[in-house]
Amino acid sequence: MSLADFLAALDQLAAEAPGRIAAAGTLDEWTAVRNALVGRQAGRLTDILAGLGALPKEDKREAGQRANAVKATIEAALEARHAELAAAATAAGPTLDRTMPARPRWRGAVHPVSLVIDEVVEIFRELGFTIALGPEAEHAWYNFGALNFPADHPAMDMHDTLYLGPEQVLRTHTSPVQVRTLQRYAPPVRVLAPGNVYRRDFFDPSHAPMFAQIEGLVVDEGVTFADLKATLSHFARRFFGPTTKTRFRPSFFPFTEPSAEMDVQCGVCGGAGCGVCKLSGWIEILGSGMVHPAVLEHAGLDSEKYTGWAFGMGPARTAISRHGIPDIRILYDADVRFLDQFAR
Ligand code: PHE
């Protein structure tokens, strides 16, 4: 190759570059033009410079200087065009990339404990129960005294109950709603009272300082323990399935007499014994009993005329045994990866 050929090739590149750069109408086209003109891999300038080595030694200096000058001119033109195109793209606003994969949206889900509460409420609604609510910051009398707790009952200790003041507590159960309801409405009463309760416990795999309870209360003339047993057994079969076995164990609560706890056969192992039922084959679902006459009297009712029964259950425990949840704390984490599983 001669110096004349080398310079002619450079001149041709210098002559056609401005038109091609001006013709680039988008940033993508600009990139293609730049690669074609001065790209390191396959650009025209790179091709031309490859001939530099073959030139006679005395011509190399001039050839190199001319090549650098052409390169600088082209790069300046490229830069100017890039600035124009970028400014136009910014002015046009962000572009919509229709090829970007859609991110799945979290749909939201009802918390598993709320699902249990909703189902329980629905089952009892069919039986004629309505909803009753009471305050979470409760007078100690409604939480304890009216419910026939003796003055020295350990539950009233500061170690077990969160006191807001000398006579004010965060209710430790939903049973105070029994008394409030009976004070306000004359029998027949059939209510369900779901709500949060508080105990002075630390979080661990099976305890939480705040959790939900569902209270049930029936008061009328002639209500018997048979009504309690039949209604709660019906509930268990509606909630856990028609073949669910239940058993009632004698228990004690200051506000019911007699008292009983209801177990259902463990749905995870079918009664054979497993980790969920702690090898017993049964899961405790609720506490219950005939409303103590003293409670009826505290609410202003004639305990010779009226009788009733009540129960209290913990929907978190039910949700845990239903889904085999190993640690109660996950119910409080608001972790959407956990909650998402319950989306319907
Ligand atoms: N209040 C009791 C508890 O917190 C449950 C219960 C309610 C028992 C109603 C009997 C009747 O454990």
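Note that this is a predicted model, so its numbers are computed, not measured.

Here the focus is the domain arrangement of the protein chain. For the protein chain, the domain assignment lists domain 1 (3–92) and domain 2 (112–342). The C-alpha centroid of domain 2 is placed 83 Å from the C-alpha centroid of domain 1.

Before going further, it helps to examine the site of the ligand. The full set close to the ligand counts 14 residues, and His173, Ser175, Arg199, Gln213 and Gly312 are the nearest of them. Residue His173 places a side-chain N or O atom 3.1 Å away from a nitrogen atom belonging to the ligand. A total of 330 Å² of accessible area belongs to the ligand in isolation, and the protein chains cover 89% of it. Looking at the shell around the ligand, the elements with two or more residues in it are strand E6 (210–220), strand E9 (282–291) and strand E10 (307–313). In terms of residue count, E10 provides more of the shell around the ligand than any other element does, 3 residues in total. Class assignment of the residues belonging to the shell around the ligand gives a composition of 4 nonpolar, 8 polar and 2 charged.

Quick look at the side chain of Thr161 now. Here Thr161 lies in the loop between helix H6 (140–143) and strand E3 (163–165). Thr161 has contacts with Phe144, Ala155, Met156, Val169, Leu170, Thr172 and Arg200, leaving out every residue within four places of it along the chain.

Parameters at a glance
Along every chain, residues carry numbers that run from 1 in the direction the sequence is written. For this predicted model, a pLDDT threshold of at least 70 governs which residues receive local features, and a threshold of 80 or more governs which side-chain atom pairs are given and counted, while totals over whole chains, interfaces and linings are taken from all residues. Only hydrogens and water are set aside when side-chain values are computed; all heavy atoms of the structure are taken into account. Domain delimitation follows an automatic or database domain assignment. One heavy atom within 4 Å of a molecule or strand makes the whole residue count as near it. Pairs of N or O atoms within 3.5 Å make up the polar contacts considered here, provided that, within protein, one atom can donate a hydrogen while the other can accept it, and that residues adjacent in sequence are counted only when both atoms are side-chain atoms. Every accessible area reported is derived by Shrake-Rupley at a probe size of 1.4 Å, with residue values counting cover from the shown protein chains alone. Only runs of H or I of at least four residues qualify as helices and only runs of E of at least two qualify as strands under DSSP, and these elements are numbered from the N terminus. Under the convention adopted here, Pro, Cys and the residues Ala, Val, Leu, Ile, Met, Phe, Trp and Tyr are nonpolar, Asp, Glu, Lys and Arg are charged, and Gly plus all remaining residues are polar. A contact between two residues is defined here by any heavy atoms of the two lying within 4.5 Å.

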